[in-house]
Amino acid sequence: MAEDDLDGVWKALADATRRSILDLLRKGPRTTTEIVEAFPRLTRFGVMKHIDVLREAGLVHTREEGRQRINSLNPVPIRQIYERWVGRFEELWSSHLLRMKEAAEAEAEAARKRPRQG
């Protein structure tokens with residue numbers, strides 16, 4: 001996936017309210033009304049604009065059931081970000097941490113073997 005394809009996801013995730021909506025949807029699908037009720041400081045229109053941004057970024061799927069719109073989390077774009085930005089560095093950091101652990105253990109062992117001065 002090209003880096004530009006994730007630009008909309010990054011922009012959607014940049015807003016704290018949108019991240020909070022995703023946290024809510026992580027617990028399970030919610031109607032638009034339930035999401036609006038979870039954010040009483042915002043207008044219905046404001047919440048719907050946030051949902052639209054999340055939908056355009058592919059982070060939220062919406063289906064209609066009668067007069068209700070059911071919104072659910074799509075974790076795929078977040079996984080793609082993880083694979084692109086975190087996964088590549090995971091091995092690097094784990095090898096650095098392992099070397100630090102080995103160095104600390106070697107130093108501790110050397111300290112135990114040193115004669116005590118008293």
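What comes next concerns the included structure. Note that the structure is predicted; figures quoted are calculated from it, not measured.

In this section: the sheet that holds strand β2 (residues 60-65). Pairing within the open sheet is antiparallel, and its 3 strands lie in the order β1-β3-β2. Both outer strands of the open sheet, β1 (30-31) and β2, are each paired with one neighbouring strand and no more. As paired elements, β1 and strand β3 (residues 68-73) share 2 bridges and run antiparallel to each other. Its bridge partner being in β3, T31 is matched across the sheet by I70. Most of the contacts of helix α2 (residues 16-26) go to β3, to which it runs at about 95°, and overall it touches β1, β2 and β3.

On to the environment of E109. In this structure, E109 sits in helix α5 (residues 76-113). For the pair formed by E109 and I81, sequence separation is 28 residues and the distance between their alpha carbons is 41 Å. A polar contact is formed between the side chain of E109 and the side chain of R112, at a distance of 2.2 Å.

Taken as a whole and judged by the stated rule, the model has 1 aromatic pair. Seen from the ring of W85, R84 lies directly overhead, with NZ or CZ sitting 4.2 Å from the centre.

Turning our attention to a nonpolar patch on the surface. A surface patch of nonpolar side chains, amounting to about 600 Å² of accessible area, comprises W10, W85, V86, F89, L92 and W93. Per-element accounting of the nonpolar patch gives the leading share, 5 residues, to α5. Position of W85 among the secondary structure elements: in helix α5.

With that out of the way, let us pick up the pairing of β2. The pairing of β2 with β3 spans 6 bridges and is classified as antiparallel. Residue pairing across strands places T62 opposite N71, the latter belonging to β3. With antiparallel pairing between neighbouring strands as the criterion, β2 and β3 make up a hairpin whose turn holds 2 residues, including G66 at a positive phi of roughly 65°.

Each value, and the rule that gives it
- Residues numbered from 1 in each chain as written.
- Predicted model: local features only at pLDDT ≥ 70, side-chain atom pairs only at ≥ 80, totals over all residues.
- Heavy atoms only, no water.
- Pairing = 2+ DSSP bridges.
- Helix = DSSP H or I, 4+ residues; strand = E, 2+ residues; numbered from the N terminus.
- Contact = heavy atoms within 4.5 Å.
- Axes fitted to C-alpha atoms, helices over the stretch in contact; angles between N-to-C directions.
- Polar contact = N/O pair within 3.5 Å; in protein donor to acceptor, adjacent residues only side chain to side chain.
- Phe/Tyr/Trp six-rings, centres within 6.5 Å; stacked < 30°, edge-to-face > 60°.
- Lys NZ or Arg CZ within 6 Å of the ring centre and 35° of its normal.
- Patch = residues over 30% accessible without salt bridge, like charges linked within 9 Å, V, L, I, M, F, W, Y side chains within 5 Å.
- Areas by Shrake-Rupley, 256 points an atom, 1.4 Å probe, with all protein chains shown as cover.
- Salt bridge = Lys/Arg side-chain N within 4 Å of Asp/Glu carboxyl O.

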